[in-house]
Amino acid sequence: KTDSSLPPELLERLQNIFKNNIGEDMSGLIQAFKNNDFKNIFYYSHKIKGAAGNIGYEEIFELTKEIEFLAKNNKKDETLLQKLQKEIEKIKKD
């Protein structure tokens, strides 16, 4: 589901850039989770959240918003990370 006021061709181009670059950010986020590195959990979730929100990836936006909020309080939820990974796999197939 995408909600965006961007022209369709620009939206598609930005979504493709997101799909091509998300792997690096997800690797950083996963590593931060493994290391209980809340500063970088916050950093990567915030970065992914902003990009996803701008191009209409609502589910990814909501998940990263929750991850970011928890990280601010030095907490994490592996289930949210797994859901995020599944959502990213879904959009990569589109």
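Scope of this entry: the structure provided in the associated data block. This is a predicted model, so every value here is computed, not measured.

1. Examining the nonpolar core
- Phe 18, Met 26, Leu 29, Ile 41, Ile 60 and Leu 84 are the most contacted members of the largest nonpolar core, which totals 23 residues.
- When residues of this core are traced back to their parent elements, those giving at least two are helix H1 (8-34), helix H2 (38-54), helix H3 (58-72) and helix H4 (78-93).
- The greatest single-element share of this core, amounting to 7 residues, is contributed by H1.
- Not counting residues up to four positions away in its chain, the partners in contact with Ile 41 are Leu 29, Ala 32, Phe 33, Ile 67, Ala 71 and Lys 76.

2. A look at the side chain of Lys 49
- Here Lys 49 shows up in helix H2.
- Beyond its immediate stretch of four places on either side in the chain, Lys 49 contacts Phe 61, Thr 64, Lys 65 and Glu 68.

3. Some thoughts on the environment of Leu 10
- Tracing the backbone through its elements, the reader meets Leu 10 in helix H1.
- According to the relative accessible area criterion, Leu 10 is partly exposed, its value standing at 31%.
- Distance from Leu 10 to Ile 55, taken between C-alpha atoms, is 9.5 Å for residues 45 residues apart in sequence.

4. Things to note about the packing of aromatic side chains
- All chains considered together, the criterion is met by 2 aromatic pairs.
- On the basis of an interplanar angle of 45° and a centroid distance of 5.5 Å, the ring pair of Phe 18 and Tyr 57 is categorised as tilted. With Phe 18 in helix H1 and Tyr 57 in the loop between H2 and H3, this residue pair connects regions lying 39 residues apart in the sequence. Taken as a pair, Phe 18 and Tyr 57 share a single burial class, namely buried.
- A ring pair is formed by Tyr 43 and Tyr 44, whose centres lie 4.9 Å apart and whose planes are at 80°; its orientation type is edge-to-face.

Each value, and the rule that gives it
- Residues numbered from 1 in each chain as written.
- Predicted model: local features only at pLDDT ≥ 70, side-chain atom pairs only at ≥ 80, totals over all residues.
- Heavy atoms only, no water.
- Core = buried A, V, L, I, M, F, W, Y, C linked by side-chain atoms within 4.5 Å.
- Buried < 20%, exposed > 50% of the residue type's maximum accessible area, 1.4 Å probe, protein only.
- Helix = DSSP H or I, 4+ residues; strand = E, 2+ residues; numbered from the N terminus.
- Contact = heavy atoms within 4.5 Å.
- Phe/Tyr/Trp six-rings, centres within 6.5 Å; stacked < 30°, edge-to-face > 60°.

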